[in-house]
Amino acid sequence: MKHLPKHLRPRWRYLAVGIEAWPDAEISRGSFQRELWYAAQNLLGDPGSADASLSVLRFEFENGSGETVVRVRRGEVEPARAALACLDEVDGQPVGLRVRGVSGTVRAASERYLGRGAGVSDQRSVVFENTERTAFERDSALDVRRPSGFAGATELDLE
Amino acid sequence: MYEAVYAHPDGDSTAARYALTAADYGFDGVVVRAVDAAPDYDRLAGAYGVDVVDAVEVVADDPASASGAVGNFRPKHELVLVRGGTDRVNRFAVEQERVDVLTRPMDGEGDFNHVLARAAADNDVAVEFDFGPVLRSEGGRRVRALQNLRKLRELVDHYDAPFVVSATPSSHLELRAPRELKAVGETIGFDAADVAAGLGTWGDIAACNRERRSDSFVAPGVELSRDRGEQR
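How each quantity is defined
- Residues numbered from 1 in each chain as written.
- Chains lettered and ligands numbered in written order.
- Predicted model: local features only at pLDDT ≥ 70, side-chain atom pairs only at ≥ 80, totals over all residues.
- Helix = DSSP H or I, 4+ residues; strand = E, 2+ residues; numbered from the N terminus.
- Rg over C-alpha atoms; globule rule 2.2 N^0.38 Å.
- Buried ≥ 20, exposed ≤ 12 C-beta atoms within 10 Å, placed from the backbone.
- Contact = placed C-beta atoms within 7 Å.
- Nonpolar A, V, L, I, M, F, W, Y, C, P; charged D, E, K, R; others polar.
- Domains from an automatic or database assignment.
- Arc of directions from axis to C-beta.
- Pairing = 2+ DSSP bridges.
- Axes fitted to C-alpha atoms, helices over the stretch in contact; angles between N-to-C directions.
- Core = buried A, V, L, I, M, F, W, Y, C linked by C-beta atoms within 7 Å.

A. Seen up close, the overall build of chain B. Helix and strand counts for chain B come out as nine helices and nine strands. The globule rule puts the C-alpha radius of gyration for 232 residues at 17 Å, and the 17 Å found for chain B is close to it. C-alpha extents for chain B along the principal axes are approximately 60 × 40 × 35 Å. Expressed as a percentage of its 232 residues, the buried residues of chain B come to 49%.

Take a look at the structure:
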């Protein structure tokens, strides 16, 4: 079908979103998109989520940290933000999300708010809970591997 | 704006990690609602550019043991919270001036009514709106949580009781930035300004208690002057 004339095309806003998870998490664009739709549908209902019309454009995720650009219809940014806040896990892996900023173009969104780099993830051995454990280091954050799952810590927690 | 968190070993992340993430998310401070946690507050102070508040959350089955714990912890911590969740503990908390915040009043069997709301307003005990189940549960549990939040909101509004808002995170991944919490609040019927006020109240209560705990404090409005201990 012939595409719409420019003044009738929908207007979009682009949310630059930072993602954080435990270092062993594997999250793909597809599963993130699916969880986002579920989250939107559960919180906003069918009409609300259709209005927001959320779609995941750029997606990068590696070593427990990532970023993405989410497209949303102009005027629906706040509901979209709420839906993103309610996205708490992807494939059973807990995620932390934060909207870093909103722009009118994908390029502006990614140039201004993304590309901070995942930071080099280094492994080292630390003493946590009085036991020697492996920790994954990113900037000053440390994710410590325990038998019961990871623990979040920082340099300050080590003696 | 402050967030009240469960720090290691009550949660999966240490108080320092919360402070690091909260600073990035734009919070002014973190309230460590310790059940068993005992972070080194001196080391944390100012380390990541956010305030860290030394709080304790009393978890008790009945008013008698809660009362003992509150009396015990009051002089030692900046903030004393009582976890609700049963009608008797909810009632106990809002009737005690020594308690700062009643947390999670609608958990489990707990319920709230006009009598408790009025008592909370009279005794200046803040009631917590727990956004946790809204952010992290689904289906019937979430529907009930939303119904409870609405009921609580209507009561707190009507009696003008003080309130706080929190996402009750148990790891730094469960933290959400203030703007996100405001957006969620608006979708479920809160005023964005009220959510912001609720996040700010944590800090206000902490500031007030710190002033009371300082050596120069004598009585509200009366304090010793700093240089020679004379009364102003």
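B. Highlighting the overall build of chain A. Within chain A, the secondary structure is distributed over three helices and nine strands. Helices (α) and strands (β) of chain A occur, in sequence order from the N terminus, as β-α-β-β-α-β-β-α-β-β-β-β. In terms of overall dimensions, chain A has C-alpha extents of about 65 × 30 × 25 Å along its principal axes. Buried residues in chain A amount to 38% of all 159 residues. Of all intrachain contacts in chain A linking residues separated by at least 6 positions in sequence, the fraction that spans at least 24 positions is 59%.

C. Examining the interface of chain B and chain A more closely. The interface of chain B with chain A comprises 27 residues on the first partner and 27 residues on the second. Looking at the side of chain B that touches chain A, the elements that each hand over two or more residues are α1 (15–25), α2 (41–44), α6 (132–136) and α8 (178–187) of chain B. With seven residues, α8 of chain B is the single largest residue contributor to the side of chain B that touches chain A. In terms of residue class, the side of chain B that touches chain A is made up of 12 nonpolar, six polar and nine charged.

D. How the structure looks around the domain arrangement of chain A. Residue and element names in this part refer to chain A. The assigned domain composition of chain A is domain 1 (10–113) and domain 2 (122–157). Measuring from the centre of the C-alpha atoms in domain 1 to the corresponding centre in domain 2 gives 28 Å. Contacts between domain 1 and domain 2 engage four residues on the former and four residues on the latter. Partitioning the side of domain 1 that touches domain 2 into residue classes produces two nonpolar, two polar and no charged.

E. Seen up close, helix α5 (residues 114–123) of chain B. All names here are of chain B. Taken as a whole, α5 has its buried residues at L116, A117 and A120. Buried residues of α5, viewed axially, fall in a sector of 100 degrees; they line one side. Close packing links the buried residues of α5 with α4 (87–94), β5 (101–103), β6 (126–130) and α7 (139–159).

F. Local environment of the sheet that holds strand β4 (residues 79–83) of chain B. All names here are of chain B. In spatial order, the strands read β1-β2-β3-β4-β5-β6-β7; together these seven strands make up an open sheet with parallel pairing. With one partner strand each, in any of the chains shown, β1 (2–5) and β7 (163–166) form the two edges of the open sheet. When the angles between neighbouring strand axes are averaged without regard to direction, this sheet yields 30 degrees. Relative to β6, β5 runs parallel, the two sharing two bridges. Its bridge partner lying in β6, L102 is registered against V127. This element, α1, spans β1, β2 (29–34) and β3 (51–58) of the sheet and lies at about 155 degrees to β2.

G. Spotlight on the nonpolar core. Within the largest apolar cluster, 116 residues are counted, with the highest numbers of intra-cluster contacts made by A83 of chain A together with A19, V30, V31 and V32 of chain B. There are two domains that each give this core at least three residues, and those are domain 1 (10–113) and domain 2 (122–157) of chain A. Beyond its immediate sequence surroundings of up to four residues, V31 of chain B is in contact with Y2, A4, V5, V53, A55, L79, W202 and A206 of chain B.

H. Just the sheet that holds strand β1 (residues 12–21) of chain A, in detail. All names here are of chain A. One open sheet accounts for five strands, arranged β2-β3-β1-β5-β4; its pairing is antiparallel. Where the open sheet ends on each side, the last strands, each with one partner, are β2 (55–62) and β4 (89–90). Pairing of β1 with strand β3 (residues 65–73) involves nine bridges; the strand directions are antiparallel. Within the sheet, the bridge partner assigned to L15 lies in β3 and is V70. The strands that helix α2 (residues 77–85) touches are β1, β3 and β5 (93–103); relative to β5, the one it contacts most, it runs at about 160 degrees. Relative to β5, helix α3 (residues 106–113) is tilted by about 110 degrees, and along the sheet it contacts β1, β2, β3 and β5.

I. Highlighting the pairing of β4 of chain B. All names here are of chain B. With five of five residues buried, β4 is to be regarded as a mostly interior element. Because side chains alternate across β4, one face comprises the buried residues L79, L81 and R83, and the other comprises V80 and V82, equally buried. Sheet analysis places β3 next to β4, joined by four bridges and oriented parallel. Looking at β4, one finds that V56 is bridged to V80. Strand direction decides the pairing type here: β4 and β5, joined by three bridges, are parallel.

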